[in-house]
Amino acid sequence: MTALRAEQEATTPARRELPPSMVERMTLIMDAFTGRSTRLTLEDVARCTHLPRSTAHRILDQLVRLNWLDHTSFGYSLGKRALGLGGRDGSHGEIREAAAPLLHNLQIRTGMVVHLAVLDGAEVFYLDKVGGRFALSVPSRVGGRAPAHCTALGKAILAWLEPEQVEALIDGHISRLTNRTIGDIGTLHQELNRIRQRRGLAFERGECFPDISCVAAAVRGHEGPVASISLVGDARTPLEKVAPLVVDAARQVSLALFPDLESQRRSRAVHRVPDRTWSPETMNRLLAVGQNGDWL
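Residues numbered from 1 in each chain as written. Predicted model: local features only at pLDDT ≥ 70, side-chain atom pairs only at ≥ 80, totals over all residues. Heavy atoms only, no water.

S.K.: For this particular structure, what's the right way to read the sheet that holds strand β4 (residues 123–130)?
M.R.: Strand order in the open sheet formed by 6 strands is β5-β4-β3-β8-β7-β6, and the pairing between neighbours is antiparallel. Since the sheet does not close on itself, it has two edges, and those belong to β5 (145–147) and β6 (202–205), each with one partner. Mean inter-strand twist for the sheet, computed between neighbouring axes without regard to direction, equals 30°. Relative to strand β8 (residues 224–234), strand β3 (residues 113–120) runs antiparallel, the two sharing 5 bridges. Bridged to His-115 within β8 is Ser-230. Most of the contacts of helix α5 (residues 92–110) go to β3, to which it runs at about 150°, and overall it touches β3, β4 and β8. (Pairing = 2+ DSSP bridges. Helix = DSSP H or I, 4+ residues; strand = E, 2+ residues; numbered from the N terminus. Axes fitted to C-alpha atoms, helices over the stretch in contact; angles between N-to-C directions. Contact = heavy atoms within 4.5 Å.)

S.K.: How should a negative patch on the surface be read in this particular structure?
M.R.: A contiguous patch of negative charge, built from Glu-162, Glu-164, Glu-167 and Asp-171, is present on the exposed surface. Locating Glu-167 in the fold gives a position in helix α7 (residues 163–170). Take Glu-167: its relative accessible area is 36%, and that puts it in the partly exposed class. (Patch = residues over 30% accessible without salt bridge, like charges linked within 9 Å, V, L, I, M, F, W, Y side chains within 5 Å. Areas by Shrake-Rupley, 256 points an atom, 1.4 Å probe, with all protein chains shown as cover. Salt bridge = Lys/Arg side-chain N within 4 Å of Asp/Glu carboxyl O. Lys, Arg positive; Asp, Glu negative; His and termini not counted. Charge placed at Lys NZ, Arg CZ, Asp CG, Glu CD. Buried < 20%, exposed > 50% of the residue type's maximum accessible area, 1.4 Å probe, protein only.)

S.K.: Would you mind going over the packing of helix α3 (residues 42–49) against helix α4 (residues 53–65) with me for this structure?
M.R.: Helix-helix packing: each pair is described by the crossing angle between the helix axes and the interaxial distance. Where α3 meets α4, the closest approach of the two axes is 9 Å, and the angle between their N-to-C directions is 115°. As the angle between them shows, α3 and α4 are arranged roughly perpendicular. With respect to the hand of their crossing, α3 and α4 are arranged in right-handed fashion. For the pair α3 and α4, the contacting residues are Leu-42, Glu-43, Val-45 and Ala-46 in the first and Arg-53, Ala-56, His-57 and Leu-60 in the second. (Parallel < 35°, antiparallel > 145°, perpendicular 65-115°, else oblique. Left-handed = near helix turned anticlockwise from the far one by under 90°.)

What follows is the structure, encoded as structure tokens:
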């Protein structure tokens, strides 16, 4: 009997190893997204994970339904759960910690309200708000949201995304909150182009709330924008004078989060961070958008 069993085992093909568990497969897929701005197609995921295409597609669908990933026409990206939204702090704690001293310094130097926000779909999600005498007049709160297309915070981030990404995030979500709000995707693209021409400076004058104006700049990482910082004033506030302070704060937060960022940008000469200080002449050139200083 023993000899027969040994003979059967010798002639039976070796069993294939069991495939990894569902948890292991999901982990393989999530690990393929190496950064907040990473976008992968189904083929990219299958190639990175060595999973069959049908298996990868099935798991990706489940991760999208559970909000671990987002899916648009141009690929998959990290979703709300993975980014720490929906009640979890996640990587946002690191951003808040790096930005906190700079936000307080901005508030002390200007006496204005300072915001820190991240992009969440078609909205901005407020991570921090440092108030001044104007704080009670600004209808924002930590944990609150606002449409990205009509806030300086949102436009500062959107300007550094690909146009296809902007359309996938914003198109269909555009609504006019005031008579100054951008009302269509074409006008939004024009505004984002002007922001890029100003090297990332975004302005908002009564677009989200009447009689409130803002200037913002994005905090940018290796793969794109991760947050934005804004100063908030009333309609008469000379935002041009404080704009360089916002740019400088955003740049310093970027370097605190990504210490090697500046050297890499210099070597690649792509999307360079604005200079630490700008002369009045440079500011005048950057801010000369319309004859009357209109931002739209």
